[in-house]
Amino acid sequence: MKRFGLLLTAAAIGSTLLLGPAAAAPTPSTPTPSTPTPSTSTPSTPTPSTAGASASPVVRPQLPVLAYYYIWFNASSWNRAKRDYPTVGRYSSDETTVMRKHIIAAKQAGITGFLVSWKDTPVLDDRLDKLISVAREQHFTLGIVYQGLDVKREPLPADRVRHDLITFNNRWGNDSVFDLYGRPLMIWAGTWRFSVADIRMVADAVRPHLQLLASERLTNRWNELGPMLDGNAYYWSSVDPGKDLKSAAKLAAMGQAVHRTNGLWIAPAAPGFDARLIGGTRQVLRNDGDTLRKEWGNALRSSPDALGLISWNEFTEGTYVEPSSEYGHTALKTLSILMGTKGPQGELDSSSPTGRSAGGPLRAIVIGVLLLLLSVVAVVKARRSNPQQSVPRVRSAP
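Residues numbered from 1 in each chain as written. Predicted model: local features only at pLDDT ≥ 70, side-chain atom pairs only at ≥ 80, totals over all residues. Heavy atoms only, no water.

(A) Structural context of the overall build of the chain. Helix and strand counts for the chain stand at eleven helices and ten strands. Sequence separation of at least 24 residues holds for 74% of the intrachain contacts in the chain that already meet a minimum separation of 6. Carbon and sulfur atoms form 55% of the exposed surface of the chain, whose accessible area is close to 19,300 Å². (Helix = DSSP H or I, 4+ residues; strand = E, 2+ residues; numbered from the N terminus. Contact = heavy atoms within 4.5 Å. Areas by Shrake-Rupley, 256 points an atom, 1.4 Å probe, with all protein chains shown as cover.)

Below you can see the structure in the form of structure tokens.
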């Protein structure tokens, strides 16, 4: 009898070890934190830290953190120029369940909103509609990055740009998910390839309704455009803070130039970079989160109005913070420390609609085997404790 008691105890312990905490306690529901209210005023300069040091200042609560987000993925996209894959699976950007998981995980890490890569095409319009719906449900903020260059990195016709931005405003401009700064935030990617005259023509048509930002990399160029635009968002994904020793000074100079025209300055920070599979030669190692910490500190020292996190899911250039097979949750955990938040809760995988791991088929099999074992042990133990109780026999017919 003692032997069966030990077997029963061992089975219970085994279930806990194999199944983990989920076997001992119910999975808590995922909280939906409220979206921080951004401040449109220029924040004060944070306390400086040593340039390039691993320890970076924690972001001020009123400072929005906006992650660049791409909705261009089809199932076949993952077969080209990818070294790593998301833990949620090789998704299509049409999947609202994936959008929901992304937004929940982003909010848990402290991200205020997504800057969505878009231009007016039927496929991207449909995907943006879906993302808006999920963002509204999750009380999450969106902005737009208008892709002003074609696949050959040539500028689109200025009339096409104006048409697309007007189309956006007419269709989505009044949606509450875009109410970050009073008007929808529209970053025009590739402004450095357009003439000043073209930019002025587009800006005059849309600025009463949209907050139009450039994506300039040089302060001299910004000084030309500043009077006709609302700010600048520098998409500097390939910087190496360990080698590009003047990068912090360059960001600070851009921030000062933008603020001189009372513009909105969105400073960049990325966890790493690797575009070798698409013909590039530069690789910026992640160094277990240290690259993100250094870039974060450099961005904050430029006195930004928002931080532009490059990126949520740019897997081709290796700048993603989305949980992945190779890096896991390292980037989001680093980000949550910098933000002073609790960070990701549970695993973000393809088996759970809430972004928490459900364990998959193996866990279901283990549960079934253990339950069967416990049942057998209980029956045998009950019989041993009642030796006089016999099992009735079925009598044969006369």
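(B) Geometry of helix α9 (residues 290-300). Where burial is concerned, most of α9 is hidden: ten out of the eleven residues are buried. Taken together, the buried positions of α9 are occupied by D290, T291, L292, K294, E295, W296, G297, N298, A299 and L300. For α9, the elements touching its buried residues are β1 (65-69), α8 (247-260), β7 (264-269), β9 (283-284), β10 (306-309) and α10 (330-339). (Buried < 20%, exposed > 50% of the residue type's maximum accessible area, 1.4 Å probe, protein only.)

(C) Just the pairing of β10, in detail. The two faces of β10 match: A306 and G308 on one face and L307 and L309 on the other face are all buried. With three bridges connecting them, β1 and β10 associate as parallel partners. Looking across to β10, one finds that L66 is bridged to G308. Sheet topology places β7 next to β10; four bridges connect them, and they run parallel. Note that in β10 the partner of I266 across the bridge is A306. (Pairing = 2+ DSSP bridges.)

(D) Geometry of the confidence of the model for the chain. Counting all residues, the mean pLDDT for the chain is 82, and 71% of those residues have values of 70 or more. Within the model, pLDDT remains below 50 along residues 2-54, and this stretch shows 70 contacts once partners closer than five positions in the same chain are excluded. Contacts from residues 387-398, a stretch scored under 50 in pLDDT, to residues over four places away or in other chains number zero contacts. (pLDDT = per-residue confidence, 0-100.)

(E) Expanded view of empty space enclosed by the protein. All told, the structure shown has three cavities of 30 Å³ or more when counted by the stated rule. Along its surface, the second largest cavity is lined by W236, V239, S247, A248, L251, P268, E295 and N298. Those elements that provide at least two residues to the lining of the second largest cavity are α8 and α9. With three residues, α8 is the largest single contributor of residues to the lining of the second largest cavity. The residue inventory of the lining of the second largest cavity, partitioned by class, reads five nonpolar, two polar and one charged. (1 Å grid on protein atoms, 1.4 Å probe; cavity = no way out; pocket = protein on both sides within 12 Å on 5 of 7 lines; lining within 4 Å. Points joined across faces, edges and corners; volume = space filled by probe spheres on them. Nonpolar A, V, L, I, M, F, W, Y, C, P; charged D, E, K, R; others polar.)

(F) Focus on the pattern of salt bridges. Under the criterion given, the structure shown has 17 salt bridges. Taking the shortest distance from any N to any O, the salt bridge between D126 and K130 comes out at 3.6 Å. Of this pair, D126 and K130 both sit in helix α4 (residues 122-137), four residues apart, which is roughly one turn of that helix. Between R171 and D129 there is a salt bridge whose closest N-O contact spans 2.5 Å. Taken as a pair, R171 in helix α5 (residues 158-172) and D129 in helix α4 lie far apart in primary sequence, 42 residues in all. (Salt bridge = Lys/Arg side-chain N within 4 Å of Asp/Glu carboxyl O.)

(G) Representation of the layout of surface pockets. Of the volumes computed, that of the largest pocket is approximately 1,200 Å³. At the level of elements, β2 (113-118), β3 (141-147) and β4 (185-189) are the ones that each hand at least two residues to the lining of the largest pocket. The residue makeup of the lining of the largest pocket, split by class, is 19 nonpolar, eight polar and eight charged.

(H) Examining the packing of α9 against α10 more closely. Their axes nearest at 10 Å, the elements α9 and α10 cross at an angle of 35°. For the pair α9 and α10, the crossing hand works out as right-handed. Of the residues in α10, those in contact with L292, R293 and W296 of α9 are A331, T334, L335, L338 and M339. (Axes fitted to C-alpha atoms, helices over the stretch in contact; angles between N-to-C directions. Left-handed = near helix turned anticlockwise from the far one by under 90°.)

(I) Just helix α6 (residues 196-206), in detail. Restricting attention to buried positions, one finds in α6 the residues V196, I199, V202, A203 and V206. For α6, the angular spread of buried residues about the axis comes to 130°, placing them on one side. Tucked into the core, α6 has its buried residues touching α5, β4, β5 (211-214) and α7 (219-225). (Arc of directions from axis to C-beta.)

(J) Examining the nonpolar core more closely. Of all hydrophobic cores here, the largest spans 69 residues; its most connected members are F114, L142 and W312. The leading source of residues in this core is α4, at six residues. For F114, the residues in contact, after removing those within four places along its chain, are A67, Y69, H102, I103, A106, F140, T141, L142, G143 and W312. Residues F73, V98, A306 and F315 belong to the second largest nonpolar core, which totals 24 residues. (Core = buried A, V, L, I, M, F, W, Y, C linked by side-chain atoms within 4.5 Å.)

(K) The arrangement of the environment of L335 in detail. For L335, the position within the fold is in helix α10. Between the C-alpha atom of L335 and that of G110, which follows or precedes it by 225 residues, the distance is 7.7 Å. Among residues more than four places away in sequence, those in contact with L335 are A109, I111, L292, W296 and L309.

(L) Highlighting the packing of aromatic side chains. Scanning the model with the defined rule gives 20 aromatic pairs in all. Counting every residue linked through ring pairs, the aromatic cluster contains Y70, W72, F73, W78, Y85, Y91, F315, Y320 and Y327. Over the ring of W236 we find K250, and its NZ or CZ is 4.8 Å from the ring centre. Residue placement shows R286 over the ring face of Y327; its charged tip is 4.3 Å from the ring centre. (Phe/Tyr/Trp six-rings, centres within 6.5 Å; stacked < 30°, edge-to-face > 60°. Lys NZ or Arg CZ within 6 Å of the ring centre and 35° of its normal.)

(M) Quick peek at the environment of A275. The residue A275 is located in the loop between β8 (273-274) and β9 in this model. Remark: the alpha-carbon pair of A275 and T316, spanning 41 residues in sequence, is separated by 6.5 Å.

(N) Molecular detail of the sheet that holds β5. Strand order in the closed barrel formed by eight strands is β1-β2-β3-β4-β5-β6-β7-β10, and the pairing between neighbours is parallel. Taken over all neighbouring pairs, the strand axes of this sheet differ in orientation by 30° on average, direction set aside. Across the sheet, α9 touches β1, β7 and β10, and the angle it forms with β7 is around 165°.

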